Amino acid sequence: MSEHKTDVPYGTLDLLILKTLDTMGPMHGYRIARRIEQVAENLLQLNQGSIYPALIRLEEQGWIRTRWGISETSRKVKFYSLTRAGAKQLSVEVRNWERATALVAKFLEASGAEVKP
Amino acid sequence: MKPARSLGFVARRFAALFRKRRLDKELEGEIFAHMEMAEFDAIAAGLSPEEARRQANQRFGGIQQMKEEHRDQRSVRWMENLSRDLRYGMASLARDPGFAAITIGLLALGIGANTAMFSIVDAVMLKPLPFPEPERMVRVWESTPTGHNGTTTLTFLDWKRQSDIFEALSVENPTSAAVATGGDPARILGKQVSTDYFQVFGVKPQIGRTFAPGEDHPGAAPVVVLSHAFWQTQFAGDPGILNRNLMLDGEPHRIIGVLPAGSFDRDEARFWTPLIFAPDQMNRGQHWLNPIGRLRTGVSIQQARARMTALRASLNDVIFQKDWGFTVDPFAQLLVGDTLRRSIYLASGAVLMVLLIACANVANLALAKGATRRKEMALRTALGASRGRLIVQLLTESLVLCVLGGAAGVMLGALLLGVAVPLLGTSLPFTADLSMDLRVLWFAAAAVMAVLILAGLLPALQTSFGTLSNALNQSPRGSSGSNAAVRRTVVIAEVAASVVLICGAALLFKSLAKLQRVDLGVRIDHVITMSTDLPSAAYPSPASAARFYEAVVQRLKAVPGVEQASVSQGLPLQGVQWGEYLSLPGVKDFFLVRLKLVDPWYFGTLQIPLESGSGILDRDRAGAPPVVVINEEVARQLSNTFGIRNPIGRTVSIDVPGYGPIPESRTKLQVVGVIRSERTAALNAPPELVAYLPLAQAPRQDIKLVVRTQSEPASVMPGIREAMREIDPHLPLGDVMTMEQVKQQSILWARQPTWVLGAFAGVAALMAALGLYGVLAHAVTDQRREIGIRMALGARRGDVVSLTLRSALSMLLVGLAGGLAGAFALTRALKSLLYEVSTLDPAAIALACVLMTLVGLLAALIPASRAAGVDPMTVLREEG
């Protein structure tokens, strides 16, 4: 089964994190990673660790913010949540993504038609 | 909103750099919690603890690798970026050395002028006085209904007795003495001071001691304290000079101490001797002392004032001026006169405006350069560079420029200061320590940062703005829309600021020209003057002094090239030292007149015309009936106060000054003549009431020689010196100045701010012209294609030139309008510096506008002629 798993498409991890925080509200890092894996239903090869640099990057951009909270194992951990700018950025990235996939889809369709004799 | 966010991004990056350690620790905690939760979940799913840990590790990916990535994300890359940006910035400057040179030059000019100005402001107004506990230093005055006045000897001694208020209270009296220095005797300035003078300043001698109590009592052995500079130049810093004698006016004075280097070296005085009050000075009539004091620790100015008010009340019976009081003011406050303060404010404002204009120019240059780099920026954005990253890069490039400009500016500032210090010289208080110290460097650093923000941020935001498609599409052709508009606006603002400065300068120059043309009442061409002081030892009696005057005039007249010579106390324009009350015998009323003591040839030498009666004659000598000549102002006042229509022949009473120990005495004088008023005081002050007494009847030791020459005065000076040596070889001549120099010195207060503002206005106008040139040249480059098409369609060269000039004119006119509005608002600040010129003088303001327009149009001619030189065929072909 593992041979069917794909890597996270380049540049989409940010989008996945933003979307996750948007639907689920504030979460800590481990929950975000698990949530992405669950939604992907094992189709995705995610290094859970790669989440943290992404979270820091997003925080630096001002798209998410952190608050200290207590984990299920009673540790002090950071809970991440979406900022207003982040919500706006999410909609921009969703639109970009849709446009890109639509473009690729159209391209594939067109090329397919041409191949036909 | 966009720029704000980008700035926030930059700020967070900055913050991250300093939070590095804490963030690392936080991240470690997060990873630990993550692994714990992952293991926990795996155990809950039924795995053994070992398997759970293995799975958690595997799913997390390499921990170390992740940390690296994270760190890279945060700080290391930031530093790398900075150094890359710096290198990139230097490289891009090296690629465009013209841009770099102009920018650095503009910034150096702006920052240099500001740095120099700041060190003046700092030294004169901001820094505390260079003495211990300067807040305890005070000046004590008599307060008159209109201001302040000095006090009398007896009143000063009353003040001095308030020793629970004053730790020290001292007066100073300027003096001078002949000191033999090798060849000719030289006149050295000094001060006679109370013995506790140096306690007031808290200054301890470098070697020896300062004055001891009692050394200012009559009959005390003469002692002298030297300045450090004098000790160095005259005695080569020889420590063995203590207790040796210094001959002052031929009298031995024992050297008891030398002051430390510093403030007192900037004082005009080179030596200090105790001030011993003469018997005729022990009165309450002669207001000649300006005491300075040091309050006792814990005594406030208010307490001191209250005490002085109480003292004044107790002395009411003996004080003549019933409406005068006593008052105490901080010393620091009074060192800087109103005129100097206003001049400094004015120059500071002007120099700040120059810096703003320089910033505007630099910003415009960067914008123009940015316009050509838009493609590069857009491409980098498309390749994944964030906007913040680009702004940081552009700002780093500006930082390189600003730091280089700042460094050049500091050097230029030091240079300017080196030039300014000797020019300003005596206009600044002697306590002002002008130097490029650490405070000045801090100021320069702050100026660099301000310039970076002002001149770097706008272009960075503008340039980093925009998308790839726009940039790629538009760049080769039409002008870059909003960018050009921004740059035009900046130029308009520059023109407006320059117009304000030029208006100010034009007003000041007009006022200065009026001052120069004021009728002095004397002919000053071909007149040379010098001062001397007759030592009491060689000239003990009034008769000996009178004989000297006569000998001098006789001998000087025989010098080839000398037309006329005279001796007087005081010169025109330098103020008259003596003020006395004039009254009529038996009449109660009186008024104040200035007393000038002149010989029979004074009026003739300076060509002061006689209105009626006679001047001072050769027969008006000691023993002959005392006479007085008055000026028109006194004649008018006589008529107003006493109803005297024809003053000739009338008798008036005036206190005539004494000679040496001989006290002044009230004397009845016969008015023998009325002369036309000469300007005795400042040119912008109304003529004073002056009474002239024959020098032979009231001889003085401190005198001036006034000589009218046939040719250039300087060429006659050797002959004059030779003649004086023949009369008295020990008598030094000081202050050798032509009357023209005396006049220029008397209007120094007006000349200095005028030339300073004029220079700044000139620089500002040139910078604005440069900005205008830049925008137009850029526009012509941008519009070559358009111009080419126009010409291909039949436009003539003249049309193309007028197109560019019209564009220049439109910017100039808007700038002029803005500048005039600014000038109307700001020239009011000049009011006190203007003489008979309104702050809205139409001629001066019109001149300013014409000048700015001319300079602007001249700057526009170069791009205009370039536009006319466009060859339509070439342009159209190259753009395809």
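> What is the right way to read the overall build of chain A from this model?
Counting secondary structure elements, chain A contains 4 helices and 5 strands. Counting from the amino terminus, helix and strand elements in chain A follow one another as β-α-β-α-β-α-β-β-α. The 117 residues of chain A split such that 25% are buried. Across chain A, contacts joining residues at least 24 apart in sequence account for 53% of those joining residues at least 6 apart.

> Looking at this model, I keep getting lost on the overall build of chain B. Mind explaining?
On a plain count of helices and strands, chain B comes out with 26 helices and 23 strands. Counting over 880 residues, chain B shows a buried share of 41%. Excluding contacts between residues fewer than 6 apart, the proportion of contacts in chain B whose partners are at least 24 apart in sequence is 83%.

> In this structure, what is going on with the sheet that holds strand β4 (residues 64-70) of chain A? I would like to understand it.
Strand pairing in a sheet is mediated by backbone hydrogen bonds. Such pairs are either parallel or antiparallel. All names here are of chain A. Strand order in the open sheet formed by 3 strands is β2-β5-β4, and the pairing between neighbours is antiparallel. Of all the strands in the sheet, just β2 (27-28) and β4 have a single pairing partner and so form its edges. Inspection of the sheet shows β4 paired to strand β5 (residues 76-82) by 7 bridges, in the antiparallel sense. Note that in β5 the partner of W68 across the bridge is K78. Contacts from helix α3 (residues 51-61) reach β4 and β5, with the element oriented near 125° to β4.

> How do you make sense of helix α14 (residues 438-464) of chain B when you look at a structure like this?
Across its 27 residues, α14 of chain B extends 37 Å between first and last C-alpha, which sits within 8% of the 39 Å expected from 1.5 Å per residue. Of all the bends found along α14 of chain B, the most pronounced is centred on G456 of chain B and spans about 35°, while P459 of chain B, a proline, follows it within four residues.

> Please clarify how the environment of S802 of chain B should be interpreted in this entry.
All names here are of chain B. One can find S802 in helix α24 (residues 797-826). Take S802: there are 14 C-beta atoms within 10 Å of it, and that puts it in the partly exposed class. Distance from S802 to A868, taken between C-alpha atoms, is 9.5 Å for residues 66 residues apart in sequence.

> Honestly, the packing of helix α2 (residues 29-40) of chain A against α3 of chain A in this entry has me stumped. Any pointers?
Helix-helix packing is described using two parameters, namely the angle between the two axes and the distance between the axes. Residue and element names in this part refer to chain A. For the pair α2 and α3, the least separation of the axes is 10 Å and the interaxial angle reads 110°. Considered as vectors, α2 and α3 are oriented roughly perpendicular to each other. In this structure, α2 meets α3 at a crossing whose hand is right-handed. Touching G29, I32 and A33 of α2 are I51, Y52 and L55, all from α3. Classifying every residue of the contact of α2 with α3 by side-chain character gives 5 nonpolar, 1 polar and no charged.

> Sorry, what's going on with the environment of G190 of chain B here?
Residue and element names in this part refer to chain B. Tracing the chain through its elements places G190 in strand β5 (residues 185-193). Classification of G190 by C-beta neighbours within 10 Å gives buried; the count is 26. Residues G190 and T175, 15 residues apart in the sequence, show an inter-C-alpha distance of 5.1 Å. Contact partners of G190, with chain neighbours within four places excluded, come to T175, S176, A177, A269, R270, F271, W272 and T273.

> Would you mind showing me how to read the pairing of strand β11 (residues 292-295) of chain B here?
On a regular strand, one side chain projects to one face of the sheet and the next to the other, so that they alternate. Residue and element names in this part refer to chain B. Neither face of β11 is exposed, since I292 and R294 on one face and G293 and L295 on the opposite face are all buried. Pairing of strand β1 (residues 137-144) with β11, which is carried by 3 bridges, proceeds in the antiparallel orientation. Bridging from a neighbouring strand, V138 pairs with G293 of β11.

> Whenever I open this one, helix α25 (residues 842-868) of chain B confuses me. Can you help?
Within an α-helix, residues lying three or four positions from one another point in the same direction, as the helix has 3.6 residues per turn. All names here are of chain B. The first and last C-alpha atoms of α25 sit 37 Å apart over 27 residues, in line with the 39 Å expected at 1.5 Å per residue. Remark: the principal bend of α25, roughly 30°, maps to L861, with a proline, P863, within the next four residues. When we look at burial in α25, the residues that qualify are A844, I845, A848, C849, M852, V855, G856, A859, A860, P863, A864 and A867.

> Please explain unusual backbone geometry as it appears in this structure.
Only a minority of non-glycine residues have a phi that is not negative, and only a minority of peptide bonds are not trans. Residues and elements named next belong to chain B. Phi at D735 takes a positive value of approximately 45°, unusual for a residue other than glycine. With respect to the helices and strands, the residue D735 is situated in strand β23 (residues 734-738). Among the residues examined, D735 registers 16 C-beta atoms within 10 Å and is labelled partly exposed. With a phi angle near 55°, E836 is a residue other than glycine that sits in the positive phi range. For E836, the position within the fold is in the loop between α24 and α25.

> What exactly am I supposed to notice about the packing of helix α22 (residues 748-782) of chain B against α24 of chain B here?
Residue and element names in this part refer to chain B. It is at 11 Å that the axes of α22 and α24 come closest, and there the two elements cross at 145°. Seen along the crossing, α22 lies across α24 with a hand that is right-handed. Only T804, S807, A808 and M811 of α24 make contact with α22, whose side of the interface consists of L772, L776, A779 and V780. A class-by-class count of the residues in the contact of α22 with α24 yields 6 nonpolar, 2 polar and no charged.

> Please explain the pairing of strand β20 (residues 665-675) of chain B as it appears in this structure.
Residues and elements named next belong to chain B. In the sheet, strand β17 (residues 610-613) pairs with β20 via 3 bridges, with the strands oriented antiparallel. Among the inter-strand pairings, G613 is bridged to a residue of β20, identified as G673. Note: strand β18 (residues 627-631) against β20, 5 bridges, orientation parallel. In the strand pairing of β20, V629 is matched with G673.

> Is there a simple way to explain the confidence of the model for chain A in this structure?
If pLDDT is low for a region, its predicted coordinates should not be looked at in detail. Chain-level statistics for chain A give a pLDDT mean of 81 and a share of 85% at 70 or above. Of all helices and strands in chain A, the one with the weakest mean pLDDT is strand β1 (residues 6-7) of chain A (66), whereas β2 of chain A scores best (90).

Quick notes on the rules
- Residues numbered from 1 in each chain as written.
- Chains lettered and ligands numbered in written order.
- Predicted model: local features only at pLDDT ≥ 70, side-chain atom pairs only at ≥ 80, totals over all residues.
- Helix = DSSP H or I, 4+ residues; strand = E, 2+ residues; numbered from the N terminus.
- Buried ≥ 20, exposed ≤ 12 C-beta atoms within 10 Å, placed from the backbone.
- Contact = placed C-beta atoms within 7 Å.
- Pairing = 2+ DSSP bridges.
- Axes fitted to C-alpha atoms, helices over the stretch in contact; angles between N-to-C directions.
- Expected span 1.5 Å × (residues − 1).
- Bend = angle between axes of the 7 residues up to and from the residue.
- Parallel < 35°, antiparallel > 145°, perpendicular 65-115°, else oblique.
- Left-handed = near helix turned anticlockwise from the far one by under 90°.
- Nonpolar A, V, L, I, M, F, W, Y, C, P; charged D, E, K, R; others polar.
- pLDDT = per-residue confidence, 0-100.

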